[in-house]
Amino acid sequence: MSEPGLNFCAVIPVYNHAHLVGPCVRQLREQGICCVLVNDGGDAEASATLRQLCQQTGSELCEQFPNGGKGSAVLLGMQHAQRLGFSHALQIDADGQHDVKDVPRLLAAANRAPGAIIAGVPQYDGSVPKVRLYCRYLTHVWVWIETLSLDIRDSMCGFRVYPIAPTLDLARAVTLGSHMDFDTEVLVRLHWRGVAIVNVPTRVVYPEHGVSNFRLWGDNLAISWMHTRLVVGMLVRSPALLGRRLYRWLRGAHD
């Protein structure tokens, strides 16, 4: 159950893997969660599949053409969710990686900390490609440097709960990465703004017939440029970030 004033929906960006998202949507609907699907420039077949799925499940559909990237799709879905009166958005991938059974745990954490980001921390099984597993740690290290903390355990997992208002306020104030760089950048920048991060372990699998929209050159370049910007931003904010850590340490010592 949600606390008074908290209304949750799921925001699911979809690009040409509409054939995979049906089971996820149906399981979320069985849990009583409204779904906002974002058709991110899908082809005619994918678009038709999504429209039919939304009709069958009573889900909301947003569309943007041409493809704008995962980040822009998530923000479009959040804007639509806010207009519908939702306060929080559960972001979940459409390709079956995330365990819908863990949704109640994430929502319970959001109920306990309604102003925080509830960030999924992947617990992988043997299906994870080793090169992806090892490469993730490079981003983890950069994020720990950029926040001068270990508060963000995993910035790349797209299974999380956002308080919509502060997230959209951030998006209006700065230009966030619109593709695969979004997940990391939005967490770091919200952390800079003082939004708490609550880390929740969650099982993640790589489906045998999954579809990846990761652009080898484009997304790697975007992520590298994102980390460059964030490191510069950290240097500018380092006195405030260090002051925040000192305050938390002193408060903990006093308690």
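Note that the structure is a prediction, hence the values are computed from the model and not measured.

**Q** Sorry, what's going on with the overall build of the protein here?
**A** When you go through the protein residue by residue, the secondary structure sums to eight helices and seven strands. Classification of the 255 residues of the protein by burial places 50% in the buried group. Intrachain contacts of the protein at a sequence separation of at least 6 include 80% that bridge at least 24 residues. For the protein, the accessible surface area stands at approximately 12,400 Å², while carbon and sulfur atoms represent 58% of it.

**Q** Sorry if this is basic, but what is going on with the sheet that holds strand β5 (residues 117-124) here?
**A** Adjacent strands of a sheet pair through backbone hydrogen bonds, lying either parallel or antiparallel. Spatially, the seven strands line up as an open sheet ordered β3-β2-β1-β4-β6-β5-β7, and their pairing is mixed. What marks the edges here is a single partner per strand, and that holds for β3 (60-64) and β7 (197-204). Each strand axis lies, on average, 25° off the axis of its neighbour in the sheet, ignoring direction. Where β5 lies against β7, eight bridges are found, and the strand directions are parallel. Residue pairing for β7: G120 is matched across the bridge by V200. Where helix α1 (residues 18-30) meets the sheet, its contacts fall on β1 (8-14), β2 (34-40) and β4 (88-91), and the angle it forms with β1 comes to roughly 175°.

**Q** How should I be thinking about helix α3 (residues 70-83) in this particular structure?
**A** For an α-helix the count is 3.6 residues per turn, leaving residues at separations of three or four pointing the same way. Its 14 residues give α3 an end-to-end C-alpha distance of 20 Å, which sits within 8% of 20 Å, the value for a rise of 1.5 Å per residue. Counted residue by residue, α3 has 10 buried out of 14 residues, so it is predominantly covered. Of the positions making up α3, those classed as buried are K70, G71, A73, V74, L75, L76, G77, M78, H80 and A81. Phi turns positive, to about 100°, at G85, one or two residues after α3.

Criteria and thresholds
- Residues numbered from 1 in each chain as written.
- Predicted model: local features only at pLDDT ≥ 70, side-chain atom pairs only at ≥ 80, totals over all residues.
- Heavy atoms only, no water.
- Helix = DSSP H or I, 4+ residues; strand = E, 2+ residues; numbered from the N terminus.
- Buried < 20%, exposed > 50% of the residue type's maximum accessible area, 1.4 Å probe, protein only.
- Contact = heavy atoms within 4.5 Å.
- Areas by Shrake-Rupley, 256 points an atom, 1.4 Å probe, with all protein chains shown as cover.
- Pairing = 2+ DSSP bridges.
- Axes fitted to C-alpha atoms, helices over the stretch in contact; angles between N-to-C directions.
- Expected span 1.5 Å × (residues − 1).

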